[in-house]
Amino acid sequence: MKRFQWDQNKFGLEESTPTSRAFHHSIRALVRERFEASGLEWKDFVLAGSNCGLSESDFRSVEAKLLASGYRFDVSATISAKEEPEKYKAMKGQHERTVNAEIKDGRMEVGVGDNVVTYPASVKGSALYVHTTDEVMAMVMEGVPPGSIAIIDDSGGTLTAPILEHFAGVICMGGSVRSHLGILCREYGIPCFMNAKIGGINNGDRLEINCAAPARSAVDCQKGIERTAEIWKLV
Amino acid sequence: MEAVKKPVTYAQLLETNNLMQINSDESYWLCVTRTTQESKLFPVSPYMMLSYANAFYRWPSLLRKIESRMSMEECGDRARNMGTKTDTLTMGWTLPCFYLLGREWLINMGMLRPEDAVEDVIYVMDCWKRMQLSYHRNDGHITNSQYGHRSQLMPERQLQVFEADLHDMTPGDALHVASSKFMATVSQYQFLSHCECRIGICNQGPYSFGEGRELIVRDFMDLGVGDYPWLDGVADKFPFHNLTVPMVVKDTHFELMDDWGSFESKPEFRAENIVRIGLYTSDLLSDSYVPVAMESPQALAAKFTELTRLISDANQVLWKKIAGWSRAEMLEAGALVYYNILKDVAHIAGVYEQSDWMEIDERAQRLVPLLNDEYGRDVLTELVGLLTLPSQVCNDYTMAMHKNTNHRMYSPIPYTILNTGDYTATSGPLGKGSSLFKKTTGWRTTRGVLDQESYNKAVREFTPTACTPEARFIDDSWVKYHHKDANVEALYRHTQTRSPRLANKGASLKREDITKLRNG
């Protein structure tokens, strides 16, 4: 094999995300370097025995190269930033949106979300942000304040596993109605909005979520049909 | 004498590429109807990528090891008669797709060509095909998607037992309250014990139950101590490894049961529409489904409540344990849960070894330094959602199923290798493995907690009744015309053995007979 296939890709070579692009470019360069230095046929280089001649330290160097350029990574799991804060950007805060400040019937719209299940009536409660395992642990030990509407930026079902059933409602600033958190809220019968966009909500604010609105279906998601329901702050 | 190596044939490549494209099309649909699952607790996308690489390097060898003792078709027969982790999700989607996702990732890093590991790719896809055709024998399809997103896996004899024995319930009664709480709690535990992954839960159906009612069957698997070392000391008291909950739902049509074992219904599924429910356990040694506290609605409600308490306690202990893990432990645990998703097939064949299924191969382990949160998220998103990795772009005229753009998820094997012979055959034998986790207890089974050797031995010495030579090939189309044959009658009576209402009723019953038995 005289040329590498990726040199001849007729329809383009570029990954669409910067980290994938940078990493794959570096790795392909390493493969080229090791292959040319090996003197092997590709069939003897790619898998059996040689496995492209790349070791863990090579892949470590790929990440180090991008970090040395000043690039810092988005963080997803709390543990990642906790263990290696130098690698990651500061964790994102709330997903703020512009608030419609009009007060009507003693309430102000402060957000919208995708309703998981339609219930007979809306639900009221107090806003309670839940971001970290430390916050969850505190509630495991001390209990969840009654009537809490949790505001969570994690669509998973594990962060809040020991306390989820105690929430009066859930607002999740990510995911979809088929995400794990949405599935669990449906099972527990907890009103839940996924993929929510909110603004101007502080811990302890009295909220009302319109879980009587139509639910967003999988078909809606697939066809890109927006079907949101309101989140109000009671004033 | 060394076996003569057979050349790859055109027919093999045609079929393999077709099977890959089927998975490419369906995987895109499955992935695009959800967002990438992120978690504040687990580095989910990074661990998924690690699992795919591990699957690519290890599964071909492990599938060959399984088939050295039992064919995929026979494994499928056994899987069809119990609720273990050989189901729609694990065998139907992850077997081909985790392997192919690992392959596609390596192609895009320049560490593989589409014409590398060709014999492995052919073999893995062939294993998938044979397993699926056997597992789906009753509905005659290879996947749920081929059936319009439906799975009707069970034979009449099992469904009749469910129809006869499931208990009625109404919203607000003790059974309804207890079962709803159980379902939510066990679902939560499954997400946690599986490191944010949905593979501990799978649904099948729907099955017509007449009068506008439909049955779905929900399996909750790997609940007790078993393959996952982190459940040692957490799930020791849990008396069942797998639980199956058949439920009859009124006024609800399950219009979609996808290859991830997830459903969509019209109107949306609500607990108050469940009108009948049951509880069963099964495993490789149980000889089909064993009823759990099915003697009365009261006993069943009490059992649901008892199990909910046990699971809730385990949930609290496990969450605290996991919250104390390092990122490396979370990454590895998640990767192992994904990677070992085929391990119940090894259990079925009686060749399970913890080192095969709960270790990361050194060839995959070397990739860990790449797997920060952002790269994990972005490469996964490109790989399964955007389809924008360089290998996934096709010619300008292509219109992909579900997307209408010129992309596909998995690279086909080029046919030109038949002329050039320029391809590699296999990723080779298992590499050296490692794990941060050590297993300290045995495996929960319906014969108690067994160690690895005893478990494999017991499985090898046991043939489920439905898989004996005289019963294995009895299917519903044969029963239709031969329900009075002795072998058919015996198989039905065996399935009915543990049924309070159907014991010894035999193979000639129809729905109206069962309705009379329920009412009588």
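Residue numbers here run from 1 along each chain, matching the order of that chain's written sequence. Just so you know, chain letters begin at A and ligand numbers begin at 1, following the order they were written in. Given that the model is predicted, a residue must reach a pLDDT of at least 70 before its local features are reported, and side-chain atom pairs must reach 80 or more before they are shown or counted; all residues, however, enter totals for whole chains, interfaces and linings.

**With respect to the interface of chain A and chain B**
Contact criterion: two residues are in contact if their C-beta atoms, reconstructed from the backbone, are within 7 Å. In this assembly, 70 residues from chain A lie in contact with 62 residues from chain B. Elements with a contribution of two residues or more to the side of chain A that touches chain B: helix H1 (18–38), helix H3 (56–68), helix H4 (78–83), helix H5 (133–142), helix H6 (180–188) and helix H7 (218–223) of chain A. By the criteria applied, helices consist of DSSP H or I runs no shorter than four residues and strands consist of E runs no shorter than two, each listed in order from the N terminus.

**Regarding unusual backbone geometry**
Following Gly205(B), the chain continues into Pro206(B) via a peptide bond in cis, with omega recorded as 0 degrees. Positive phi values are uncommon outside glycine, yet Asn51(A) reaches one of about 50 degrees. Examined against the element boundaries, Asn51(A) turns out to sit in the loop between helix H2 (42–45) and H3. In this scheme every C-beta is placed from the backbone, and a residue whose C-beta has 20 or more other C-beta atoms within 10 Å is buried, one with 12 or fewer is exposed, and one in between is partly exposed. Among the residues examined, Asn51(A) registers 18 C-beta atoms within 10 Å and is labelled partly exposed. The phi dihedral of Asp287(B) is positive, around 60 degrees, even though this residue is not glycine.

**Looking at the domain arrangement of chain A**
Where each domain starts and ends comes from a domain assignment, either automatic or drawn from a database. Per the domain assignment, the segments of chain A are domain 1 (5–71) and domain 2 (103–234). Taking the mean C-alpha position of each, domain 1 of chain A and domain 2 of chain A sit 43 Å from one another.

**A few points about the nonpolar core**
If you look at the biggest cluster of nonpolar residues, it comprises 211 residues, and the most contacted ones within it are Val170(A), Ile171(A), Cys172(A), Ile231(A) and Leu50(B). Tallying contributions element by element places helix H2 (residues 44–67) of chain B first for this core, with 14 residues. Among residues more than four places away in sequence, those in contact with Cys172(A) are Ile152(A), Ser155(A), Leu181(A), Cys192(A), Phe193(A), Met194(A) and Ala196(A). Judged by nonpolar contacts, the second largest core, of 7 residues, contains Val479(B), Leu491(B), Tyr492(B) and Ala507(B). We call a set of buried Ala, Val, Leu, Ile, Met, Phe, Trp, Tyr and Cys residues a nonpolar core when their C-beta atoms link them within 7 Å.

**Describing the domain arrangement of chain B**
One can read the domain layout of chain B as domain 1 (10–147 + 326–434) and domain 2 (468–520). Using only C-alpha atoms to locate each centre, domain 1 of chain B and domain 2 of chain B end up separated by 38 Å.

**Re the packing of H2(B) against helix H5 (residues 118–135) of chain B**
Residue and element names in this part refer to chain B. Remark: H2 packs on H5, axes separated minimally by 10 Å, with the N-to-C direction vectors making an angle of 60 degrees. Classified by the angle between their axes, H2 and H5 sit oblique to one another. The chirality of how H2 crosses H5 is left-handed. Each of Trp59, Pro60 and Leu63 in H2 lies in contact with H5, whose residues at this interface are Asp120, Tyr123, Val124 and Cys127. Each residue is assigned to one of three groups, with Ala, Val, Leu, Ile, Met, Phe, Trp, Tyr, Cys and Pro labelled nonpolar, Asp, Glu, Lys and Arg labelled charged, and all others, Gly among them, labelled polar. Of the residues in the contact of H2 with H5, the class split is 6 nonpolar, no polar and 1 charged. Axis definition: a line fitted to C-alpha atoms, limited for helices to the stretch in contact. Angles are taken between N-to-C directions and run from 0 to 180 degrees. Orientation labels follow simple angle bins: below 35 degrees gives roughly parallel, above 145 gives roughly antiparallel, 65 to 115 gives roughly perpendicular, and whatever is left gives oblique. By definition, turning the near helix anticlockwise from the far helix through less than a right angle yields a left-handed crossing, and turning it clockwise yields a right-handed one.

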